[in-house]
Amino acid sequence: MKRIMVCSGQYALLAIVVLFAVSSSAARAADLVGSYLHPVGLTGSSAEPAIDWHDDFDAGWRAAKQSGRPMVIFITSRRCRYCDAMKRDTWTDGSIRSRLKNGFVAIRLSPDRNADILRRIHVPAYPTTLIGHPDGKVLAHKVGYQPPGALHQLLGAADQSAN
């Protein structure tokens, strides 16, 4: 059985803290909480520039329509370890950053900043990644952590729709 790595919000953090508090020291649990309260940065050591995220869906969609490029929509949440892992591992990968820069409009949504649009989208868990055509059609989506290789496969849905 394949395990999907997702967070369902604040209860995931609580469960992790309780687990560490029981099995470890309270100081270790406090350190863990502190690390989840500060999102992982999106800059990496690669020579590729950081991803130019649109944090507003409408602005990102307008950019996609104007450029004719597909959208990659990353739906994330604070205090989500799998979201943080994608920010740390996937979005900083040089080949991912290059591919997005040269062929996609990147949109990042979160319940804190984009509650209105997310009420209209069924998001079963965080993170969720969507590939969308500039006309608004969803080409592909994946729920859960996507390492760089899996994200490249997901981005391929845009290539297939162009053919």
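Before reading further, recall that the structure is shown in the block above.
Attention in this report is confined to the structure presented alongside it. Predicted model only: the values in this text are computed from it and were never measured.

Helix and strand content of the protein chain: seven helices and four strands. Ordered by position in the sequence, the α and β elements of the protein chain form the string α-α-α-β-α-α-β-α-β-β-α. Buried residues in the protein chain amount to 43% of all 163 residues. A separation of at least 24 residues holds for 74% of the contacts in the protein chain among residues at least 6 apart in sequence.

Turning our eyes to something else, we now look at the side chain of Thr 90. Here Thr 90 is to be found in helix 4 (residues 81-90). Polar contacts involving the side chain of Thr 90 include one to the main-chain carbonyl oxygen of Gln 146, which spans 2.6 Å. Residues contacting Thr 90, with those up to four places away along its chain left out, are Ala 85, Ile 96, Tyr 145, Gln 146, Pro 147, Pro 148 and Leu 151.

Glancing now at the pairing of strand 4 (residues 138-143). Sheet analysis places strand 3 (residues 128-132) next to strand 4, joined by five bridges and oriented antiparallel. Within the sheet, the bridge partner assigned to Gly 132 lies in strand 4 and is Val 138. The loop that links strand 3 with its antiparallel partner strand 4 comprises five residues; one of these, Gly 136, has a positive phi angle of about 105°.

What the four strands build is an open sheet, ordered 2-1-3-4; its pairing is mixed. The sheet terminates laterally at strand 2 (105-109) and strand 4, the two strands that pair on one side only. Sheet twist, expressed as the average angle between the axes of neighbouring strands with direction ignored, equals 15°. Note: strand 1 (residues 71-75) against strand 3, five bridges, orientation antiparallel. If you follow Met 71 over to strand 3, its bridge partner there is Gly 132. The strands touched by helix 3 (residues 57-67) within the sheet are strand 1 and strand 2, with strand 2 carrying the most contacts at an inclination of about 165°.

What counts as what
- Residues numbered from 1 in each chain as written.
- Predicted model: local features only at pLDDT ≥ 70, side-chain atom pairs only at ≥ 80, totals over all residues.
- Heavy atoms only, no water.
- Helix = DSSP H or I, 4+ residues; strand = E, 2+ residues; numbered from the N terminus.
- Buried < 20%, exposed > 50% of the residue type's maximum accessible area, 1.4 Å probe, protein only.
- Contact = heavy atoms within 4.5 Å.
- Polar contact = N/O pair within 3.5 Å; in protein donor to acceptor, adjacent residues only side chain to side chain.
- Pairing = 2+ DSSP bridges.
- Axes fitted to C-alpha atoms, helices over the stretch in contact; angles between N-to-C directions.

Shape is all these values report; function is a separate question.
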